[in-house]
Amino acid sequence: MTQKKVCVRVPASSANLGPGFDTIGIALEMYLWVEMEPAEKTEINFVGDRLQGLPTDKTNLIFQVAQQIFQVAGVEIPELKISVCSEIPLTRGLGSSASAIVAGMVAANALLGEKALPKLEIFRLATALEDHPDNVGPSIFGGIIVAAWDGSEVHHIQLNVPSDLKVLAVVPHFQLATEVARNILPIQYSRKDAVYNISHASLLATALATGDLDKLKYAMRDRLHEPYRERIIPGLYPVKFDATDHGALGVALSGAGPTILAFADRNSGRKQELENYIINTFRNHSIGADAIWMSPDTRGVVFVKALQDHTEVVNDTLR
Ligand code: HSE
């Protein structure tokens, strides 16, 4: 190990942006921090109460992915002292596991110093672990990521975030495991639905790339996952189709849910109306929810001095 101690900050992410199932994701200004250093004996600490209940032994995901990086790099696997602090709610569709994977891999990689793996290899390993790139991609690179994963290679393009884009995440007060939300999806789809999603996802990527935000209303429609997940996320469908009448540019289920993500114009005078509409729709189903307004994160994973710090430190192991 050439580095003694590192600290990384990783953004949350919203995957699937509508029809971009397993393909298009966006990084959000809500963060996870991980500090890591080699130690005599492994010790994992959580700062704050967000991570209560997660393992603090060697079954911890951050510890496990760190070990994977040492193994791939062919170096002796060290005991580690790890401290973690998070703003990202767990199992709500905001990429908390992906952020943990990226943090563990990037921190361990930085400890390797000159033996560090290239950033694109970290992206490939993280994608392989999740089996989809639309959370880990934004968490690594920031911004909006369009990515294709074929089971062994991942290719991506980062889009500039349109400057007027503001994001509202409405996080309902119930948890939904990704595995459960994936298991309710069909194995096969009709050609009609496949074409529907190809056309809408293409329109979405192009609308975001060109800043043609008026197209989001139609471009964010989906037939691969939202119609099936609507059954376990009461309120999703009315919001999906009516939120644009309350000031949204477009709406998507965030990742596998249950959070709903709405895009709005930064200068819109209807942001409160939009927030009230989505919160009240959940309330009509007896579900409480929190509204969080954010800007997209454009940096991705960065090195910082300490937990909860936002001051970026230049570190050339993140090539
Ligand atoms: N693309 C993934 C899914 C995101 O919808 O299942 C959740 O991890």
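It should be noted that the structure appears before, not after, this text.
What about the overall build of the chain?
Helix and strand counts for the chain come out as ten helices and twelve strands. Oriented by its inertia axes, the alpha-carbon framework of the chain measures out at about 55 × 40 × 35 Å. Of all 319 residues assigned to the chain, the portion counted as buried reaches 55%. Put simply, the chain shows about 13,900 Å² of open surface, and 49% of that area lies on carbon and sulfur atoms.

Considering the pattern of salt bridges
On inspection of all chains with the given rule, the structure shows nine salt bridges. Of the charged contacts in the structure, one is a salt bridge between R299 and E312, with a shortest N-O distance of 2.5 Å. Of this pair, R299 sits in the loop between β10 (289-294) and β11 (302-304) while E312 sits in strand β12 (residues 312-313), and the two are 13 residues apart along the sequence.

Describing unusual backbone geometry
Following G257, the chain continues to P258 via a peptide bond in cis, the omega torsion being 5°. Its identity is not glycine, yet D22 carries a phi of approximately 60°, on the positive side. Note on placement: D22 falls in the loop between β1 (6-14) and β2 (24-39). Using a relative accessible area of 18% as the deciding quantity, one classes D22 as buried. Non-glycine residue D131 carries a positive phi angle of around 70°. Here D131 is to be found in the loop between α3 (119-130) and α4 (136-141).

Looking at the sheet that holds strand β8 (residues 250-253)
Strand order in this open sheet of four strands is β8-β9-β7-β10, and the pairing throughout is antiparallel. Strands at the two margins of the open sheet, each flanked by one partner only, are β8 and β10. Each adjacent strand pair in this sheet contributes to an overall mean axis angle of 20°, direction not counted. Pairing geometry for β8 and strand β9 (residues 260-265), over four bridges, is antiparallel. Of the residues in β9, the one forming a bridge with A252 is L261. Where helix α10 (residues 271-284) meets the sheet, it contacts β7 (165-172), β9 and β10, and its direction lies at approximately 150° from that of β10.

Here we look at the site of the ligand
Taken together, the neighbourhood of the ligand is formed by A15, N16, F21, D22, H132, D134, N135, T178, R182, R229 and A256. R229 is positioned such that a nitrogen or oxygen atom in its side chain is 2.8 Å from an oxygen atom of the ligand. In isolation the ligand offers 260 Å² of accessible surface; the protein chains occlude 95% of this area. Of the residues in the shell around the ligand, the class split is three nonpolar, four polar and four charged.

Quick word on the pairing of β7
Across the eight residues of β7, eight count as buried, placing the element largely inside the fold. Residues of β7 alternate between two faces, with L165, V167, A169 and V171 on one and K166, L168, V170 and P172 on the opposite face, all of them buried. Both β7 and β9 contribute to a ladder of six bridges, which runs antiparallel. Across the sheet, residue V170 finds its bridge partner in β9, namely I260. Sheet analysis places β7 next to β10, joined by six bridges and oriented antiparallel. When the bridges of β10 are listed, L168 appears paired with W293.

Thresholds applied
Residues numbered from 1 in each chain as written. Predicted model: local features only at pLDDT ≥ 70, side-chain atom pairs only at ≥ 80, totals over all residues. Heavy atoms only, no water. Helix = DSSP H or I, 4+ residues; strand = E, 2+ residues; numbered from the N terminus. Buried < 20%, exposed > 50% of the residue type's maximum accessible area, 1.4 Å probe, protein only. Areas by Shrake-Rupley, 256 points an atom, 1.4 Å probe, with all protein chains shown as cover. Salt bridge = Lys/Arg side-chain N within 4 Å of Asp/Glu carboxyl O. Pairing = 2+ DSSP bridges. Axes fitted to C-alpha atoms, helices over the stretch in contact; angles between N-to-C directions. Contact = heavy atoms within 4.5 Å. Near = heavy atom within 4 Å. Polar contact = N/O pair within 3.5 Å; in protein donor to acceptor, adjacent residues only side chain to side chain. Nonpolar A, V, L, I, M, F, W, Y, C, P; charged D, E, K, R; others polar.

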